[in-house]
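So the chains spell out like this:
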Amino acid sequence: SDVCSSDLNAFHIVPLDGGETIVRHLPVEDRLYYIHHANTYENESGVVIDLTVANGNVFSGDLTTKDELNKTFRDSCYHDAKPCINWVRRFLLPLKGEGVITSEVISDLTVKTDFVRINKLYHGRKHCFYWGVQWWSDHKNKASMAIAKYDLCSNRPPAESKIQWARPNWYPSEAILVPSTEPGAAEDDGMLLFTALDGTS
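Residues numbered from 1 in each chain as written. Predicted model: local features only at pLDDT ≥ 70, side-chain atom pairs only at ≥ 80, totals over all residues. Heavy atoms only, no water.

(A) Seen up close, the side chain of Asp114. Note that Asp114 resides in strand S7 (residues 112–117). For the buried Asp114, which has no salt bridge, the nearest side chain bearing the opposite charge is Lys112, at an N-O separation of 5.8 Å. Of the polar contacts made by the side chain of Asp114, one reaches the side chain of Thr52; its length is 3.2 Å. Once residues lying within four places of it in the same chain are set aside, the contact partners of Asp114 are Ile35, His36, Thr52, Asn86, Gly132, Val133 and Trp135. (Helix = DSSP H or I, 4+ residues; strand = E, 2+ residues; numbered from the N terminus. Buried < 20%, exposed > 50% of the residue type's maximum accessible area, 1.4 Å probe, protein only. Lys, Arg positive; Asp, Glu negative; His and termini not counted. Salt bridge = Lys/Arg side-chain N within 4 Å of Asp/Glu carboxyl O. Polar contact = N/O pair within 3.5 Å; in protein donor to acceptor, adjacent residues only side chain to side chain. Contact = heavy atoms within 4.5 Å.)

(B) Spotlight on the state of the cysteines. Scanning the entire structure with this criterion turns up one disulfide. Between the sulfur atoms of Cys128 and its disulfide partner Cys153 the distance amounts to 2.0 Å. Residues Cys128 and Cys153 are joined through a disulfide that is left-handed, its torsion about the S-S bond being -85 degrees. One end of the pair, Cys128, is in the loop between S7 and strand S8 (129–135); the other, Cys153, is in the loop between strand S9 (146–151) and helix H3 (158–161), with 25 residues separating them in the sequence. The class of Cys153 is partly exposed, set by a relative accessible area of 31%. (Disulfide = S-S within 2.5 Å.)

(C) Representation of the packing of aromatic side chains in the model. In this structure the tally under the stated criterion is four aromatic pairs. Between Phe11 and Phe91, the aromatic rings sit 5.1 Å apart at their centres with planes inclined by 55 degrees, giving tilted as the arrangement. With Phe11 in strand S1 (residues 10–13) and Phe91 in strand S5 (residues 87–94), this residue pair connects regions lying 80 residues apart in the sequence. In this structure Phe11 comes out as buried when scored by relative accessible area, which is 9%. Of the residues examined, Phe91 reaches a relative accessible area of 0% and is grouped as buried. Taking 6.2 Å as the distance between ring centres and 50 degrees as the angle between the ring planes, the aromatic pair formed by Phe115 and Trp135 counts as tilted. Pair noted here: Phe115 is in strand S7 and Trp135 is in strand S8, with a separation of 20 residues, a long-range link. Given a relative accessible area of 31%, Phe115 falls into the partly exposed group. Taking NZ or CZ as reference, Lys149 lies 4.8 Å from the ring centre of Phe129, over its face. Of note, Arg167 hangs over the ring of Trp170, and the distance from its end group to the ring centre comes to 5.2 Å. (Phe/Tyr/Trp six-rings, centres within 6.5 Å; stacked < 30°, edge-to-face > 60°. Lys NZ or Arg CZ within 6 Å of the ring centre and 35° of its normal.)

(D) Representation of the pattern of salt bridges within the structure. If you walk through the whole model with that rule in mind, you get seven salt bridges. The shortest N-O distance in the salt bridge between Lys142 and Glu68 comes to 3.0 Å. Placement of Lys142 in the loop between S8 and S9 and of Glu68 in helix H1 (residues 65–68) is noted, with a sequence separation of 74 residues between them.

(E) Expanded view of unusual backbone geometry. Located in the positive-phi region is Trp136, a residue other than glycine, with phi close to 60 degrees. Along the polypeptide, Trp136 turns up in the loop between S8 and S9. On the basis of relative accessibility, which here comes to 0%, the residue Trp136 falls in the buried class. The backbone phi angle of Asn155 is positive, close to 60 degrees, even though this residue is not glycine. If you trace the backbone, Asn155 turns up in the loop between S9 and H3.

Printed below as a string of structure tokens:
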């Protein structure tokens, strides 16, 4: 639509020094529905931004207790062309010239991933790791949840680079890494904290 091809479907980069705003448009067919932000940093090619995204507005659907209590309803979304799957997408926004946005998926496309976090000491600079909450880990049930850790520097496909924590009938919350305070500690060195509900008890 005309609305989609306007500045509404674009990234607006506002320089902190008061310079002119840089606008980078997405193609008309690539409507940006994003949910959460993992990190943004600048490199020699432009601005890198990692977002959880979806094919549509995830806040317009299955957000009621009634729907979530209906197992058939909540699981059916996965088997019906997966319209409810969120994934993590990395965008590169060139700063020079007209600049065409490029992007790549950096999470497992067969599961839903959201509530992403990185080591807070790496905010604003290149990071290798992020953690996220995962649904449909068994590829059948939405409530099959896990905490997944992705290694973006492993040069492996996202689904192969991840490790995960999961227990049957346990439901974890958003994970937060408390970084190690040791000098020279690795980016993923520290303590990962999250709460988890024991569904059985």
